[in-house]
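Descriptive structure summary
Here are the chains, one letter per residue:
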Amino acid sequence: MKGVPFLDLEAQHHPVKDEIKEALGRVVDSGCYVLGPEVAAFEEQFAAFVGTQHAVCVNSGTSAIHLALLAAGVCEGDEVIVPAMTFIATAMAVTYIGAKPVCVDVDRFCTMNPEAVEDAITPKTKAIMPVHLYGQPADVDAITNVAEKYGIAVIEDAAQAHGAVYKGRRCGSMGKAAAWSFYPGKNLGALGEGGAVTTNDPDIAEKCVTLRDWGQGAKGWHVVKGFNYRMDAFQGAALGVKLRHLDEWTEQRISAARMYRDKLSGVPGIELPASREGSRSVWHIFAVMVENRDTVATMMREQNIGVSIHYPNAVHLHPCYRDLGYNAGDFPNAENIANNEISLPMFPGITGEQIEKVVNAVVETVSRLHGNDRSTAR
Ligand SMILES: Cc1ncc(COP(=O)(O)O)c(C=O)c1O
């Protein structure tokens, strides 16, 4: 049987291939391969898309988090509150600074539980970093209320949330700054590594511009110790093309998610993702919970269905963070996701027929393992 890939970038790029090649050709001809006009043009377009005054492009999402935190004043010895369920980069960028990631549990929407945040605040807390995980907006208002009470910055990790909306505002426009990833598989992906910081604060933007370029204030004049985090021009050019198609791709993801939901609702043994009222998820990941997840994943793959797991370990239980002193059981919701989550194929252009195949395979697999009545799938 012809399977269904987890992600099909080739299919997504096919209709825009000529536009992308034309943009890349422009870069080849320009002789300007790092930053330059293509990146500057994309920064302007992306800031307008997010609804912020500034966008500063860098070479990855991890670099974007690093710079956003530094620009917001996070220093060695400070603490940054992060969700216990996220991609590890959220915490690692905190560690780059010599600051300490302080984990809190997630809520039933798989994003930072605002009720857990206040208890995690100490005199050392400098920032709170909610993650719009899977493309679903975190409860930013509730988190901001706590942050404002203590005068702490909110920095959004928007790496998975291009175009997501929370109470009428775009993710990435609500905190002091936000970090984005343009890793190829992201909803807005480059043809290599890429990232950006968005902000309404000119001081943060200026600091990021300086820090991404070895701390250069003026040519040959290094005012702070910085990094080589510059975006290459090919990525800026490709992203400029792809941004023009992002709304259409997001609609395709939303309609795929709706199809999954319609066909899988009520199936015993499959827990569908909860959607936060008043917000728009952009379905970077369609995450469902199942028992015996690893066996389900193996059986799905045997049927040529490309599934993935986001993420198989919670932040606090990685060996590299043993020094934080957490234990299994500390963040039960995050650990539940780590143990039970499986990501179904989701990409712009996924067809109804492909979704049907995935649904049949997951229902069949779960029912074989748990003895369900298969007729419950629609
Ligand atoms: C939530 C989250 N934060 C940060 C990152 C890091 O981005 P990058 O891979 O571009 O460094 C990613 C993606 O990989 C992510 O999913």
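Along each chain, numbering runs from 1 in the same order as the chain's sequence is written. This being a predicted model, a pLDDT of at least 70 is required before a residue's local features are given, and a value of 80 or more before pairs of side-chain atoms are given or counted; all residues contribute to the totals for chains, interfaces and linings. To get the side-chain values, all heavy atoms of the structure are used, and hydrogens and water are removed first.

Overview of the overall build of the protein chain
- Secondary structure follows DSSP: runs of H or I at least 4 residues long count as helices, runs of E at least 2 residues long count as strands, and numbering of each begins at the N terminus. Of the regular secondary structure elements, the protein chain holds 13 helices and 15 strands.
- Rg of the C-alpha trace for the protein chain: 21 Å, near the compact-globule value of 21 Å for 378 residues, within the 12% margin.
- The principal-axis extent of the C-alpha atoms belonging to the protein chain is close to 70 × 55 × 35 Å.
- Accessible area is worked out with a 1.4 Å probe on protein chains only. A residue is then buried under 20% of its type maximum, exposed over 50%, and partly exposed in between. Buried residues in the protein chain amount to 57% of all 378 residues.
- Here, residues are in contact when the closest pair of their heavy atoms is within 4.5 Å. Within the protein chain, contacts between residues separated by at least 24 positions form 71% of all contacts whose residues are at least 6 apart in sequence. With C-alpha atoms as the basis for the radius of gyration, the globule rule is written as 2.2 Å multiplied by the number of residues raised to the power 0.38.

Side note on helix α4 (residues 61-71)
- Counting buried residues along α4, nine of its 11 residues qualify, which places the element largely inside the surrounding structure.
- Listing the buried residues of α4 in full gives G61, S63, A64, I65, H66, L67, A68, L69 and A71.

Some points on the domain arrangement of the protein chain
- Residue ranges labeled as domains rest on an automatic or database domain assignment. By the assigned domains, the protein chain splits into domain 1 (9-243) and domain 2 (246-376).
- Between domain 1 and domain 2, the contact holds 46 residues from the first and 37 residues from the second.
- The quantity reported as buried area is the accessible area (1.4 Å probe) lost by two parts once they are put together, taken as the sum for both. Both faces considered, domain 1 and domain 2 share a buried interface measuring about 3,500 Å² in area, 60% of it formed by carbon and sulfur atoms.
- Here a salt bridge means any side-chain nitrogen of Lys or Arg lying within 4 Å of a carboxyl oxygen belonging to Asp or Glu. Run the count over domain 1 and domain 2 and you get one salt bridge.
- In this structure, D107 and R276 form a salt bridge, with 3.1 Å as the shortest nitrogen-oxygen distance.
- Polar contacts, as used here, are pairs of N or O atoms within 3.5 Å; protein pairs need one atom able to donate a hydrogen and one able to accept it. Residues neighboring in sequence count only if both atoms are side-chain atoms. Taken together, domain 1 and domain 2 are joined by 26 residue pairs in polar contact (both at pLDDT 80 or more).
- Mapped onto the side of domain 1 that touches domain 2, the elements with two or more residues apiece are α5 (89-96), β3 (100-104), β6 (165-166) and α9 (233-243).
- The dominant element in the side of domain 1 that touches domain 2, judged by the number of residues it contributes, is β3, at five residues.

Some points on the packing of helix α10 (residues 246-264) against helix α13 (residues 352-370)
- Between N-to-C directions, angles cover 0 to 180 degrees, with each direction set by a line fitted to C-alpha atoms, over the stretch in contact for helices. Interhelical geometry of α10 versus α13 gives an angle of 35 degrees and a closest axis separation of 10 Å. Along this stretch, α10 crosses α13, giving a crossing that reads as right-handed. Taking contact as the criterion, the partners of A256, M259, Y260, K263 and L264 in α10 are, on α13, G352, I355, E356, V358, V359, V362 and V363.
- Under the scheme applied, nonpolar residues are Ala, Val, Leu, Ile, Met, Phe, Trp, Tyr, Cys and Pro; charged residues are Asp, Glu, Lys and Arg; polar residues are all the others, including Gly. Classifying every residue of the contact of α10 with α13 by side-chain character gives nine nonpolar, one polar and two charged. What makes a crossing left-handed is the near helix being turned counterclockwise from the far one by less than a right angle; a clockwise turn instead makes it right-handed.

A closer look at a nonpolar patch on the surface
- Taken together, the side chains of V28, Y33 and V34 define a hydrophobic patch exposed on the protein surface, amounting to about 250 Å² of accessible area.
- Relative to the helices and strands, V28 is located in helix α2 (residues 17-30).
- Taking the relative accessible area as the measure of exposure, V28 reaches 46% and is therefore partly exposed. By definition, no residue in a patch forms a salt bridge, and every one has over 30% relative accessible area; like charges are joined within 9 Å, nonpolar side chains (Val, Leu, Ile, Met, Phe, Trp, Tyr) within 5 Å. Here the Shrake-Rupley method, with its probe set to 1.4 Å, supplies the accessible areas, and only the displayed protein chains count as covering residues.

Examining the site of the ligand
- Around the ligand, a shell composed of 16 residues is seen, among which G61, T62, D157, S181 and K186 lie nearest.
- Contact between the ligand and T62: an oxygen atom at 2.5 Å from a side-chain N or O atom of the residue.
- Within the contact set of the ligand, a nitrogen atom lies 2.8 Å away from a side-chain nitrogen or oxygen of D157.
- Here the ligand, which alone exposes 380 Å², has 93% of that area covered by the protein.
- Every element with two or more residues in the shell around the ligand is listed here: α4 and α5.
- When residues in the shell around the ligand are grouped by element, the largest group, three residues, is from α4.
- A per-class count over the shell around the ligand returns six nonpolar, eight polar and two charged. To be near a molecule or strand, a residue needs just one of its heavy atoms within 4 Å of it.

Considering the environment of Y166
- Note that Y166 resides in strand β6.
- If sequence neighbours within four positions are ignored, Y166 has contacts with P137, A138, D139, V140, D141, A142, M174, R276, G278 and S279.
- Among the polar contacts made by the side chain of Y166, one reaches the main-chain amide nitrogen of D141 at a distance of 3.0 Å.
- A polar contact of 3.4 Å, which involves the side chain of Y166, links it to the side chain of K167.

Here's the deal with the pairing of strand β1 (residues 54-58)
- Summarising burial for β1: four of the five residues are buried, a large majority.
- When β1 meets strand β9 (residues 195-199), the two strands line up antiparallel, connected through five bridges. The partner of C57 across the bridge, within β9, is A196. Whether two strands pair depends on DSSP finding at least two bridges between them.

Quick notes on the sheet that holds strand β7 (residues 169-170)
- Spatial strand order, β7-β6-β13: three strands in an open sheet with antiparallel pairing. The open sheet terminates on both sides in strands that have one partner only, identified here as β7 and β13 (279-280).
- Note: β6 against β13, two bridges, orientation antiparallel. Opposite V165, over in β13, you have R280 as the bridge partner.

Observations regarding the sheet that holds β3
- With respect to topology, seven strands assemble into an open sheet ordered β1-β9-β8-β5-β4-β2-β3, the strand pairing being mixed. At either margin of the open sheet sits one strand with a lone partner, and together these are β1 and β3. When strand polarity is set aside, the average angle formed by the axes of neighbouring strands in this sheet is 25 degrees.
- Examined bridge by bridge, strand β2 (residues 79-83) and β3 share five bridges and lie parallel to one another. Pairing of V82 across the sheet is with C103, part of β3.
- Along the sheet, α5 contacts β2, β3 and β5 (153-157); its crossing angle with β3, the most-contacted strand, is approximately 150 degrees.

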